[in-house]
Amino acid sequence: MDLLPFITFIMNSSLSSGQVPAAFKTARVVPILKKPTLDSSDNLLQDPNQSGFKPAHSTETALIAVTEKLQTARASKLSSVLIFLDLSAAFDMVNHKILLSVLADLGIAGSAWKWFESYLERRSFQVCSRISACLTDISSWMAAHHLKLNPSKTELLFIPGATGPQQDLAISFENSLIVPSKDARNLGVTLDDQLSFSAHITNLTPSCRYFLYNI
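Residues numbered from 1 in each chain as written. Predicted model: local features only at pLDDT ≥ 70, side-chain atom pairs only at ≥ 80, totals over all residues. Heavy atoms only, no water.

A.B. asks: I tried to follow helix α4 (residues 110–120) on my own but got confused; where do I start?
C.D. replies: An α-helical turn contains 3.6 residues, so a residue and the one three or four places further along point in the same direction. W115, S118 and L120 are the residues of α4 that are buried. Along its buried surface, α4 packs onto α1 (4–17) and α3 (96–105). Positive backbone phi, approximately 50 degrees, marks R122, located one or two places after α4. (Buried < 20%, exposed > 50% of the residue type's maximum accessible area, 1.4 Å probe, protein only. Helix = DSSP H or I, 4+ residues; strand = E, 2+ residues; numbered from the N terminus. Contact = heavy atoms within 4.5 Å.)

Below is the structure:
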């Protein structure tokens, strides 16, 4: 069967209406190793940089190490995903508004311009492979050691690159869909998706005032 007439009809209908089907605006992102020399089977539970159960290490050193890595990635215009797991008993850098303005300056108008606008708005992506596989490995390790993760209290924090747009991100984990939070509390510190620490400062201020008042 010759598919060309059907494809042509779909494309012409899309262009004439200035609308792109939503199904065509969902991308699948598969993270890859930046350095080919790294072992893709590395497990977070064997990370030599972890602070748990090590001399001269504590929750403070863990938080400092994580925060520094997030700040370094953000300064390099890279986005980060931070997931907080609870135990119970991976971007598009093009500014869409500027792009549409440039297209208008080039003379693209009418339904053709609307088609580009429709293509760029309300886009989404799903991260597959590495992150989900990592969570699955952690869950399997926990189950093998008679521990259980609590998916309902698992939190995800997406830290976009310094100049990158916000993106919709959701990860499936043990029949639960985890969506990003604006902020999340870990080891006594509230981290937010912009690394501004505004939420942490807001939570900490009353305690500081109380102790200063007593002094």
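A.B. asks: So what exactly am I meant to see when it comes to the packing of α3 against α4 here?
C.D. replies: Each packed pair of helices is defined by two parameters, the angle between the axes and the distance between the axes. At their nearest, the axes of α3 and α4 sit 10 Å apart, and the two run at 170 degrees to each other. Our classification of the angle between α3 and α4 gives roughly antiparallel. Crossing of α3 over α4 shows right-handed handedness. Residues H96, L99, L100, L103 and A104 of α3 lie in contact with α4, whose contacting residues are W113, F116, E117 and L120. A breakdown of the residues in the contact of α3 with α4 according to their chemical character gives 7 nonpolar, 1 polar and 1 charged. (Axes fitted to C-alpha atoms, helices over the stretch in contact; angles between N-to-C directions. Parallel < 35°, antiparallel > 145°, perpendicular 65-115°, else oblique. Left-handed = near helix turned anticlockwise from the far one by under 90°. Nonpolar A, V, L, I, M, F, W, Y, C, P; charged D, E, K, R; others polar.)

A.B. asks: What should I look at first to understand the nonpolar core in this one?
C.D. replies: Generally speaking, soluble globular proteins have nonpolar side chains that are buried together. Formed by I131, L135, I138, M142, L149, L156, F158, L169, I171, F173 and I178, the largest nonpolar core amounts to 11 residues. At the level of secondary structure, the elements contributing two or more residues to this core comprise α5 (130–144), β6 (155–159) and β7 (171–173). Residue contributions to this core peak at 4 residues, all from α5. Not counting chain neighbours up to four residues away, the residues in contact with L156 comprise V81, L82, I83, L169, I171, I178, V179, P180 and S181. (Core = buried A, V, L, I, M, F, W, Y, C linked by side-chain atoms within 4.5 Å.)

A.B. asks: Help me out: how do you make sense of the pattern of salt bridges in this one?
C.D. replies: Think of it this way: side chains of opposite charge can pair up when their charged atoms draw near. Applying the stated criterion across every chain yields a total of 2 salt bridges. E117 is the partner of K114 in a salt bridge, and the nearest nitrogen-oxygen pair spans 3.0 Å. A residue pair is termed a helical-turn pair when its members lie 3 or 4 positions apart in one helix, as K114 and E117 do in helix α4 at 3 residues. As a salt-bridge pair, K182 and D193 come within 3.0 Å of each other at their nearest N and O atoms. Of this pair, K182 sits in the loop between β8 (176–178) and β9 (183–186) while D193 sits in the loop between β10 (189–192) and α6 (198–214), and the two are 11 residues apart along the sequence. What makes D193 buried here is its relative accessible area of 7%. (Salt bridge = Lys/Arg side-chain N within 4 Å of Asp/Glu carboxyl O.)

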